[in-house]
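Residue-level structure breakdown
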Number of protein chains: 2
Amino acid sequence: MGRIAQQRPAATPASAGQVARRGAILRAAAELGAEAEFDRVQMADLATRAGVALGTLYRYFPTKTEVFATLFQEQIATFVADRWQPPEGDGAVERVGRNLAALNATLLRSPRLCSAMLRATAAAYMSQPPPEQLWLESESALTQAILDTLGIEQPGPDDHSAALLLIYSWWGVLTSSLSRRMSPERAEHELCRAASLILADHIH
Amino acid sequence: MGRIAQQRPAATPASAGQVARRGAILRAAAELGAEAEFDRVQMADLATRAGVALGTLYRYFPTKTEVFATLFQEQIATFVADRWQPPEGDGAVERVGRNLAALNATLLRSPRLCSAMLRATAAAYMSQPPPEQLWLESESALTQAILDTLGIEQPGPDDHSAALLLIYSWWGVLTSSLSRRMSPERAEHELCRAASLILADHIH
């Protein structure tokens, strides 16, 4: 599929039917990724579970990696939209840390799926050339949520860079939590600490 | 090999012959990982290149993941021993950032091998239970080098935690550099910035 993937980038859904098919594919991926190890998930099974033709699946997502990397983005965006909390008495920086810890707890409810999404995202992030539309640091939901929580409406390069460093720390803590090297309590402590160290100069 | 891997943990080399065989395996992995994508490297080819029997290879490293994760540790340890610079006029924190940037430049000389080692390390780090002897945060060469450069002789939990957060940032910058999302100049800037933010309170 390498050649097809190069010639035809992943389709951006436009019509209601396209949005529905893309949603069905991502929901099927969330189910299959929770049931079986990433290496054992097959594109054919994914198409069957989603109720779409295999050719349709490949038109939306040229590789399994892109399916699971996109699902990771979507799950983060959904968390940010539905559950990310604005600052209250605890201050903006502490709230960023607590929100990141809550995001990790949500993702870790299915460790197998979380591992699949992390592996796919890392592979997509390392690939050359990187897939379009994946993990655009300046536009990702997580970066935006961090900057919003800090009250930064017109971020400069230093603000984006700080948010990016914090996201790297978050990624490391999530990976460590997945192998149970890090307890949920320590993960929250580390994330609040990372936020306070990295974001200290970025409250507007 | 899963069952064998569980029953028999990777052998720790003791005799001179064992050290030589382990070294030959890791050198062969460095060559093969630079020549072919990680997915195409086979344990049988690795044994042939190293001049050891396949059973010997499996006795030292039960999986390909452990070979390349160990190689990553070794390459970092070699850099730390041979090329990590102590602080001079630029100050300890800045020197940590510059050393991390130099480490990345060294690892990125072979992007394919670097990608293989990153993938293997991430997979080893996420696996349950995590392999013994891999990436022991408190004992890794990189953590020790960071703490030494800061002049911290008896690190407390907060010192270890700061070093760990900086290593997460370093990992993220290395991954971004691999896909050429981040230029070498920006990588060095981000690493010096990460060091100054995260280590600010940790100079003894």
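Residues numbered from 1 in each chain as written. Chains lettered and ligands numbered in written order. Predicted model: local features only at pLDDT ≥ 70, side-chain atom pairs only at ≥ 80, totals over all residues. Heavy atoms only, no water.

Taking an unreviewed UniProt entry as the reference, chain A is identified by name as TetR/AcrR family transcriptional regulator belonging to Nocardia uniformis.

**Focus: the packing of aromatic side chains**
According to the stated counting rule, one finds eight aromatic pairs over all chains in the structure shown. Both rings, one in Phe72 of chain B and one in Trp170 of chain B, keep their centres 6.0 Å apart while their planes meet at 15°; by these two values the pair is stacked. Here Phe72 of chain B is found in helix H5 (residues 64-82), whereas its partner Trp170 of chain B is found in helix H9 (residues 157-178), with 98 residues between them in sequence. Given a relative accessible area of 0%, Trp170 of chain B falls into the buried group. Grouped by ring-pair contacts, the aromatic residues Phe72, Trp170 and Trp171 of chain A constitute a single cluster. In this structure, Lys64 of chain A packs its charged tip against the face of Phe38 of chain A, placed 4.5 Å from the ring centre. (Phe/Tyr/Trp six-rings, centres within 6.5 Å; stacked < 30°, edge-to-face > 60°. Helix = DSSP H or I, 4+ residues; strand = E, 2+ residues; numbered from the N terminus. Buried < 20%, exposed > 50% of the residue type's maximum accessible area, 1.4 Å probe, protein only. Lys NZ or Arg CZ within 6 Å of the ring centre and 35° of its normal.)

**Quick word on the relation of the copies chain B and chain A**
The transformation that overlays chain B on chain A combines an axial shift of 0.0 Å with a rotation of 180°, and the residual RMSD is 0.0 Å. What the rotation and shift describe, once combined, is the action of a two-fold rotation axis. Interface residue correspondence from chain B to chain A reaches 100%, placing this contact among same-surface, isologous pairings. (Least-squares fit on C-alpha atoms with pLDDT ≥ 70 in both. Contact = heavy atoms within 4.5 Å.)

**Regarding the confidence of the model for chain A**
Keep in mind that low pLDDT regions are not for reading the predicted coordinates in detail. Residue and element names in this part refer to chain A. Residue-level pLDDT values for chain A average 86, and 86% of them are 70 or greater. In the model of chain A, helix H1 (residues 2-7) stands out as the element of lowest mean pLDDT, 39, in contrast to helix H3 (residues 43-50), which has the highest, 97. Contacts of residues 1-8 to residues separated by more than four positions or lying in other chains number five contacts, the stretch itself having pLDDT below 50. (pLDDT = per-residue confidence, 0-100.)

**Some words on the pattern of salt bridges**
One pass over the structure, following the stated rule, counts 18 salt bridges over all chains. Ionic pairing is found between Glu188 of chain A and Arg98 of chain A, a salt bridge with its closest N-O pair at 2.9 Å. On the criterion of sequence distance, the pair formed by Glu188 of chain A in helix H10 (residues 184-199) and Arg98 of chain A in helix H6 (residues 92-107) is long-range, its members being 90 residues apart. Owing to a relative accessible area of 29%, Glu188 of chain A belongs among the partly exposed residues under this scheme. A salt bridge links Arg49 of chain B to Glu35 of chain B, with the nearest nitrogen and oxygen atoms 2.9 Å apart. Of this pair, Arg49 of chain B sits in helix H3 (residues 43-50) while Glu35 of chain B sits in helix H2 (residues 16-35); the two residues are 14 residues apart in sequence, bridging distant segments of the chain. (Salt bridge = Lys/Arg side-chain N within 4 Å of Asp/Glu carboxyl O.)

**Some words on H10 of chain A**
Helix length check: H10 of chain A (16 residues) gives 22 Å between terminal C-alpha atoms against 22 Å at 1.5 Å per residue, within 8%. Inspection of H10 of chain A places Ala187, Glu190, Leu191, Cys192, Arg193, Ala194, Ala195, Leu197, Ile198 and Leu199 of chain A among the buried residues, and these make up the whole buried set. The secondary structure elements touched by the buried residues of H10 of chain A are H6, helix H8 (141-149) and helix H9 (157-178) of chain A together with H9 and helix H10 (184-199) of chain B. (Expected span 1.5 Å × (residues − 1).)

**Observations concerning H9 of chain A**
Residue and element names in this part refer to chain A. Here H9 contains 22 residues, and its C-alpha end-to-end distance of 31 Å stays within 8% of the 32 Å for a straight helix at 1.5 Å per residue. The buried count for H9 comes to 19 of 22 residues, which makes it a mostly enclosed element. Arg180 lies just past H9 and shows a positive phi near 60°.

**What about the packing of helix H2 (residues 16-35) of chain A against H3 of chain A?**
All names here are of chain A. H3 packs onto H2 with a crossing angle of 120° between their chain directions and a minimal axis gap of 8 Å. The angle between H2 and H3 falls in the class oblique. Pair H2 / H3 crosses with right-handed handedness. For the pair H2 and H3, the contacting residues are Ala24, Ile25, Ala28, Ala29, Glu31, Leu32 and Glu35 in the first and Asp45, Leu46, Arg49 and Ala50 in the second. Counted by class, the contact of H2 with H3 contains seven nonpolar, no polar and four charged residues. (Axes fitted to C-alpha atoms, helices over the stretch in contact; angles between N-to-C directions. Parallel < 35°, antiparallel > 145°, perpendicular 65-115°, else oblique. Left-handed = near helix turned anticlockwise from the far one by under 90°. Nonpolar A, V, L, I, M, F, W, Y, C, P; charged D, E, K, R; others polar.)

**A few points about the UniProt feature "DNA-binding region" (unreviewed entry) in chain A**
Mapped onto this numbering, the UniProt entry gives "DNA-binding region" (unreviewed entry) at residues 42-61 of chain A. Across residues 42-61 of chain A, the secondary structure splits into 75% helix and 0% strand, with the terminal C-alpha atoms separated by 13 Å. (UniProt positions renumbered as here; feature names shortened; annotations may be inferred.)

**Focus: the interface of chain B and chain A**
On the chain A side, the residues contacting the 38 residues of chain B number 38 residues. Our count for the chain B to chain A interface comes out at two salt bridges. Asp158 of chain A is the salt-bridge partner of Arg193 of chain B, the closest N and O atoms lying 3.8 Å from each other. At the boundary of chain B with chain A, the tally comes to eight residue pairs in polar contact (both at pLDDT 80 or more). Secondary-structure elements contributing two or more residues to the side of chain B that touches chain A are helix H7 (111-126), H9 and H10 of chain B. (Polar contact = N/O pair within 3.5 Å; in protein donor to acceptor, adjacent residues only side chain to side chain.)

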